[in-house]
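In case you want the letters, here they are:
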Amino acid sequence: MARLGKAGQASAHGEAWPSLASHPGLLVSASSSGGGGSSQERAGLQGRRPRRVAWASRRWSSSVSSANSFGRLLSITPSNSGSAPSVPEREPCLPHEIFGYKTQTFRKALCIAGYILSCGVLLLVFYWKPAWDVWANCVPCDLQEADVVLLRTTDEFQRYFRKKVTWIDLLNLLDIKESDVLEKDKESVISKAIMKPHLKVRYIQVQKVRFVWDFSAKQFHRVGSLDDNNTCYEIHHKFGAGLTRKEQGLRRLICGPNTISVEIRPVWKLLFKEILNPFYVFQAFTLILWLSQGYIEYSVAIIILSIISIGLTVYDLRQQSIKLHQLVEEHNRVQVTAWTRPEGCCKLESCYLVPGDVLVLEGQKHSLPCDAILLDGSCVVNEGMLTGESVPVMKTPLPRMDNTMPWKTHSVEDYRRHVLFCGTEIIQTKRSDQGPARAVVLQTGFNTAKGDLVRSILYPKPLNFKLYRDVFKFIVCLALIGVLGLVYTTCVYVSRKQPVADTVAMALLLLTVAVPPAIPAALTTCTVYAQRRLKNRKIFCISPQRINICGQLNLVCFDKTGTLTEDGLDLWGVTPCQSNRSQNFHSFSSGSPLPWGPICRAMATCHSLLVLDGKIQGDPLDVKMFEGTNWEIEDSSLKRSKPSTSDTCMVVKPGLGASQAPVEGIKILHQFPFCSTLQRMSVIAQELGKDSYDLYMKGAPEMVASFCKASTIPPNFLKGLKFYTSQGFRVIALAQKTLALSEDTDLQGLEREDVERNLTFLGLLIMENRLKAETKPVLEELSAARIRSVMVTGDNLQTAITVAKNSRMISDSSKVILVEASAPKGPSSASVTWRLMEKVHQDSDEGHDTSVTIEDATGPGSPIRDFHFALDGKSFQVLVKHFSNLLPKILLNGTVFARMSPGQKSSLVEEFQKLDYYVGMCGDGANDCGALKMAHAGISLSEQEASVASPFTSQIANIQCVPQLIREGRASLVSSFAVFKYLTMYGMIQFIGTALLYWQLQIFGNYQYLMQDVCITLLVCLTMSLTHAYPKLAPYRPPGQLLSPPLLLSVVLHVCFALILQTIAFLLVKHQPWYSELRHHSGCPLGDQPLFPGNRTANTTALAHRVLSYEDATLWPLVTIHCIILAFVFSKGKPFRKPIYTNYIFCCLLSVQLGLSLFLFFTNIDAVFKGMELLCTPIIWRIYVLVMLLVTFAVSFVVEDVILQNRHVWQQIKAWCRFRSQSQYRKWQRRLEREASWPPVNQRDFAHGSEAYTNPSYEHDDN
């Protein structure tokens, strides 16, 4: 049972507020060792400071870190074990720290008073900052006394969560006594969670999972599943007879209902959550300010747009909530049959199930509402919801072994063959001698496999991308500039003795001008358009924020089978073996049936196929293999005279096209199912009419050979295997053994380790797995774009290398270095061996005899530069554990990773990310779920439910979606930068113009702002991102940082241009001979004469107008047309987007905007002047203004396109400044360039602490 451990105590002189730290999952117990002071001293500190606890997923192991000022923090490390293919990897939750707090009445009263006095502002701040709410209302205390706990993540986001501690009073809710609780299972989490004698339980609920407080251990435990330390015997005898009604009621109250409930969030909740976003609060403040200043039209326009934006967002969130609710709700109230003591079978709704209940599995197809361990009988299930593969899987009962090992440990990695997972469909059940198939409920609700999947959707991994962090920093900088404007305005208006109300209003107005409120919405628009274009290409996205990250991908991991190669396998041939010598090769393309013999019997029986609805179903490899024998399956119910086997078995018989066989048929009596970690499966079979039993095994050749007698293995086995795998064939080995079993032997109780030994090697089955037609062109395109391609597969290493070469993932001229790492054995240290890939040659037409040529080791004088590392999952695991200093070096050139378990795939992606690679993962959904979620961009080629947690899903099952996604990501990223730069410049240009007019106590007119904000800027933001991605991937990525030198320099230079342009025009217009301080419409000046000669003032007693002036008439066209100029200049096309002229809507819009602006500027219509609040200026001055704008356009275009966006210029600048990339993989590359001995060839290194040393006497094994 996973548990949340108690942290060490706080120091007596610690800080007032603790330093916290990420996601919940499971609780871990703390060691009593370590920490400061004795146990009595530590106990004396309880209650004075909150304790903190690290949380991790149940799949993680824990270790106690060293003490710090607030006690010991429990560090969590991922488990090294991978999971079987039939189960998706559960993404580990990040650790949390937990602090206890107790609500104080006096503090709470003060906070309520603060809410009232601040008109709700304080309440809003507490809504944004839940930690402040806890700190203000509560006092720190021990976790045991807390009624509120505060969680904070340990990641860089530092997010806080406030959780209330809830009490359950069992006496009032159940008719139970203390003896009912104590009489059975005293060591269970449920028993320890009950406070005696009051019979109360306290718990918190974090991300849909309930954690109860252990009163004896003083720590929180996850509840909702059976304890993992139960043995096989205990599970059968504790729970095999079912639970009583009282036990069910008690567990139901403590564990909660067995539901995966996703509420359809009410519209009002979604609306309030959206409105209370800090952006919309700032926008509301801005709109109130504008309305108070009479900017009604623009404010109304922004209000309408905001309502539309909020409405669409709420509608989208509501639809997502409905879809997810519908996905899970139908399984929450399924009618099931449970076995209860002493009543027996009874019908009830699945929501009432609790861990320990016994399910009776009978009847038609139905979906399982919980995770359960099969006790009796057998089941065939469809686990497509979990694995992405709609392949029937046989489940076998948990053995009744009487030992002290926990049931999972006893079954090692194969324990999942006994588990029925929630959400999977039971399509067939088979009775046992004891009666119908039965299963004990293992986990309920969100603790189940499906619950984990739904939780990964509800609480996705936080997105950490520099762009979004930089946007926040940039907005803060703009806000600081706005504050400077506020100070400037205050000084100007106070010095001119203006009313306080006007001073405050104008100062706040200039503050809002500097921060364009449309920035977040505009950035969202870029990803929305990209998402729509991806949808048109049958690529669907559930996390639009990741589209921009796709533009930074520089490494993509690919699964092999079903991703790079076709799903199906074609039989190519069989190489039988007898008396350790290879026999005549049989080709399936010859048309002749497979000859009768041991290898034919093995192919006909060693599989997990089923007959469902009259059709053979199962793993595609098994189907192909069985079809090659031309035998038939007869699913018979054979009543047996002995109780040692189930009353049903499968019979295979020769078909019409099969070769003549001296047997009527063969019964398949028992299976040891395939497991990706074990890399093998086996069956026990019996020929009809005979008493002897045979065991047949198939699996990875190296694994099968390790179970065979050495005398039966051909001496050229490894060379022959490499010959076939080097050509890209999928090779399966077959073996057989006659078992000496009595008739009363219980086959179900046999341990596979006892019978899978001393087998006879039968031969090799060779299958062809063709590349998909799209694979090679796509990989070549990625290579040309300098994007690394890596293969991560569960297949044979040699086969994977050949596929990598055939697909051009590894070029013909490249060397392949095999990395083989071995774990320490006894006194021997862990070792790693490096050797060049061998060339295998065929010396005869039959392919029986092969010769191997070892390439000469390259001397020190000619180091290998073009090389790739290839290794398997076992070696990768050893490198992670014992060669941490070598692992980054290997990953830099690691291209082929074979025999990788699902857990190892996720670990590999994480290791690449540690080197600062932006990693993409493309897989077919089977076994890849963990890696798909771990990667920056996971692309699933499966439409099964298992892929729902993948950010991207392609309906077209080939890897063409990868370059398409990268192209759209790059285009979206460049568009985001362009829109952001434009909005920044729009705000700064308007800020400068407004600040200049403030100098003479004026401001732009209402319709002047409306023209700039709505008719130009808003439409530009909506259409600038419509430009499609460039069809060819460039050999470099766009900038990934908003605060990069090119972008910052671009903004700074354009701000300078705007400042110079507007300042010159502002000062120059005052020196024109026709200039006067005119404050009302009086026609246009003629020639060089002002309308009011003399003191150049229209009326010294007239009230000064807030808008009308020649300065305003000059600055407004400059500001307006300058925005249009920058919209054009920032819309760069190639190499990441198509040219601007392909965006017809945007080009037409700019043309209309420019034409309208020039019309308003050059027209002499009085109605236009009065409506726009402009004064008429001489034509010659308008021409001067136009010339200034043309010069600005020319300078801006040259600076932006020729200098700032010129990659070669920046490369030269980097070279002059000796700039070096700080990415970890670049640092390692520079370090390895200086190592003359890298890469090592034909040598063995041994682990020594954290270093490795070379054995100079090592000789190649094959020499």
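Below or above, wherever it landed, is the structure these notes cover. Everything quoted here is computed from the prediction, not taken from an experiment.

## Some points on the overall build of the chain
Part 1 of the argument: Along the chain, the regular secondary structure elements total 39 helices and 48 strands.
Part 2 of the argument: Within the structure as shown, the chain displays about 53300 Å² of accessible surface, and the carbon and sulfur contribution to it stands at 57%.

## Structural notes on the packing of helix 34 (residues 1110-1129) against helix 35 (residues 1144-1162)
Part 1 of the argument: Helix 35 packs onto helix 34 with a crossing angle of 165° between their chain directions and a minimal axis gap of 10 Å. With respect to their mutual orientation, helix 34 and helix 35 come out roughly antiparallel. Crossing hand, helix 34 versus helix 35: left-handed. Here A1113, W1116, P1117, T1120, I1121, I1124, A1127 and F1128 of helix 34 lie close against helix 35, whose contacting residues are F1146, L1150, Q1153, L1154, S1157, L1158, L1160 and F1161.
Part 2 of the argument: Tallied by class, residues from the contact of helix 34 with helix 35 come to 13 nonpolar, three polar and no charged.

## Details of the nonpolar core
Where a protein is soluble and globular, its nonpolar side chains tend to be buried together.
Part 1 of the argument: Formed by 86 residues in total, the largest nonpolar core has its most connected members in L509, Y982, L983, V1020 and M1024.
Part 2 of the argument: Per element, the largest residue contribution to this core is 16 residues, and it comes from helix 31 (residues 961-998).
Part 3 of the argument: Look past the residues within four positions of V1020 in its chain and what remains in contact with it is Y982, A1127, F1146, L1149, L1150 and Q1153.

## Brief notes about the packing of helix 25 (residues 775-784) against helix 31
Part 1 of the argument: Look at helix 25 against helix 31: their axes get within 9 Å of each other, and the N-to-C directions meet at 35°. The segment helix 25 lies against helix 31, with V778, E781 and L782 engaging V962, P963, I966 and R967.
Part 2 of the argument: Residue composition of the contact of helix 25 with helix 31, by class: five nonpolar, no polar and two charged.

## Section: the side chain of T489
Part 1 of the argument: With respect to the helices, strands and loops of the structure, T489 is situated in helix 16 (residues 466-495).
Part 2 of the argument: Judged by relative accessible area, T489 falls into the buried class, the value being 0%.
Part 3 of the argument: When residues no more than four places from it in sequence are discounted, the contact partners of T489 are T503, M506, A507, L510 and Y998.

## What to know about the sheet that holds strand 15 (residues 358-361)
Part 1 of the argument: Spatially, the six strands line up as an open sheet ordered 14-13-15-22-17-20, and their pairing is antiparallel. Looking at strand neighbours, the two that pair on one side only are strand 14 (344-349) and strand 20 (419-420), the edges of this open sheet.
Part 2 of the argument: In this sheet, strand 22 (residues 437-443) lies alongside strand 17 (residues 371-376) in antiparallel orientation, the contact comprising five bridges. Note that in strand 22 the partner of L374 across the bridge is A439.

## Observations regarding the environment of N230
Part 1 of the argument: Inspection of the secondary structure assignment puts N230 in the loop between strand 12 (219-222) and helix 8 (232-239).
Part 2 of the argument: On the basis of relative accessible area, N230 is assigned to the buried category, the value being 5%.
Part 3 of the argument: Sequence spacing of N230 and W407 is 177 residues, and the spatial spacing of their C-alpha atoms is 6.2 Å.
Part 4 of the argument: The contact partners of N230, leaving out residues within four places of it in the chain, are I235, K238, F239, P406 and W407.
Part 5 of the argument: Looking at N230, its side chain comes within polar contact range of the main-chain oxygen of D227, at 3.2 Å.
Part 6 of the argument: Among the polar contacts made by the side chain of N230, one reaches the side chain of K238 at a distance of 3.3 Å.

## Digging into the pattern of salt bridges
Part 1 of the argument: Applying the stated criterion across every chain, the model contains 24 salt bridges.
Part 2 of the argument: The partner of R162 in a salt bridge is D133, with the nearest N and O atoms 3.9 Å apart. Pair noted here: R162 is in strand 8 (residues 160-164) and D133 is in helix 4 (residues 130-137), with a separation of 29 residues, a long-range link.
Part 3 of the argument: According to the relative accessible area criterion, R162 is partly exposed, its value standing at 39%.
Part 4 of the argument: In this structure, E1200 engages K981 in a salt bridge whose closest nitrogen and oxygen atoms are separated by 2.6 Å. On the criterion of sequence distance, the pair formed by E1200 in helix 37 (residues 1179-1204) and K981 in helix 31 is long-range, its members being 219 residues apart. Both residues of the pair, E1200 and K981, belong to the buried class.

## Describing the environment of T340
Part 1 of the argument: Within the element layout of this structure, T340 appears in strand 13 (residues 335-340).
Part 2 of the argument: Separated by 17 residues in the primary sequence, T340 and D357 have C-alpha atoms spaced 7.7 Å apart.
Part 3 of the argument: Excluding residues that lie within four positions of it along the chain, T340 makes contacts with L243, T244, R245, Q248 and C346.

## Remarks on a nonpolar patch on the surface
Part 1 of the argument: Residues L291, I296, V300, I303, I304, L305, I307, I308 and L312 make up a contiguous nonpolar surface patch of roughly 770 Å² in combined accessible area.
Part 2 of the argument: Looking at where I304 falls in the secondary structure, it is placed in helix 12 (residues 296-329).
Part 3 of the argument: On the basis of relative accessible area, I304 is assigned to the partly exposed category, the value being 45%.

## Some words on unusual backbone geometry
Part 1 of the argument: Residue P1135 is reached from K1134 by a cis peptide bond, and omega for that bond is 15°.
Part 2 of the argument: Among the structural elements, P1135 can be located in the loop between helix 34 and helix 35.
Part 3 of the argument: Note that the residue after W1238, namely P1239, is joined by a cis bond; omega there is 5°.
Part 4 of the argument: Counting through the fold element by element, P1239 comes out in the loop between helix 39 (1224-1233) and strand 47 (1243-1248).
Part 5 of the argument: Its identity is not glycine, yet C119 carries a phi of approximately 60°, on the positive side.
Part 6 of the argument: In this structure, C119 sits in the loop between helix 2 (105-117) and helix 3 (121-128).

## Regarding the state of the cysteines
Each disulfide is one covalent bond, formed between the sulfur atoms of two cysteines.
Part 1 of the argument: On inspection of all chains with the given rule, the structure shows zero disulfides.
Part 2 of the argument: Of all cysteine sulfurs in the structure, the one in C141 sits closest to C138, which takes part in no disulfide; the separation is 8.5 Å.
Part 3 of the argument: According to the relative accessible area criterion, C138 is buried, its value standing at 1%.

## So, the environment of E1111
Part 1 of the argument: For E1111, the location among the structural elements is in helix 34.
Part 2 of the argument: On the basis of relative accessible area, E1111 is assigned to the buried category, the value being 1%.
Part 3 of the argument: Spatially, the C-alpha atom of E1111 lies 8.0 Å from that of A1065, the residues being 46 residues apart in sequence.
Part 4 of the argument: Those residues in contact with E1111, other than ones at most four positions away along the chain, are L997, Q1000, F1066, V1069, K1070 and Y1075.
Part 5 of the argument: Looking at E1111, its side chain comes within polar contact range of the side chain of Q1000, at 3.1 Å.

## A few points about a positive patch on the surface
Part 1 of the argument: A surface patch of like charges, here positive, comprises R786, R1207, K1214 and R1226.
Part 2 of the argument: Summarising the element assignment, K1214 is placed in helix 38 (residues 1207-1217).

Parameters at a glance
- Residues numbered from 1 in each chain as written.
- Predicted model: local features only at pLDDT ≥ 70, side-chain atom pairs only at ≥ 80, totals over all residues.
- Heavy atoms only, no water.
- Helix = DSSP H or I, 4+ residues; strand = E, 2+ residues; numbered from the N terminus.
- Areas by Shrake-Rupley, 256 points an atom, 1.4 Å probe, with all protein chains shown as cover.
- Axes fitted to C-alpha atoms, helices over the stretch in contact; angles between N-to-C directions.
- Parallel < 35°, antiparallel > 145°, perpendicular 65-115°, else oblique.
- Left-handed = near helix turned anticlockwise from the far one by under 90°.
- Contact = heavy atoms within 4.5 Å.
- Nonpolar A, V, L, I, M, F, W, Y, C, P; charged D, E, K, R; others polar.
- Core = buried A, V, L, I, M, F, W, Y, C linked by side-chain atoms within 4.5 Å.
- Buried < 20%, exposed > 50% of the residue type's maximum accessible area, 1.4 Å probe, protein only.
- Pairing = 2+ DSSP bridges.
- Polar contact = N/O pair within 3.5 Å; in protein donor to acceptor, adjacent residues only side chain to side chain.
- Salt bridge = Lys/Arg side-chain N within 4 Å of Asp/Glu carboxyl O.
- Patch = residues over 30% accessible without salt bridge, like charges linked within 9 Å, V, L, I, M, F, W, Y side chains within 5 Å.
- Disulfide = S-S within 2.5 Å.
- Lys, Arg positive; Asp, Glu negative; His and termini not counted.
- Charge placed at Lys NZ, Arg CZ, Asp CG, Glu CD.

Everything listed is a geometric property; what it means functionally is a separate question.
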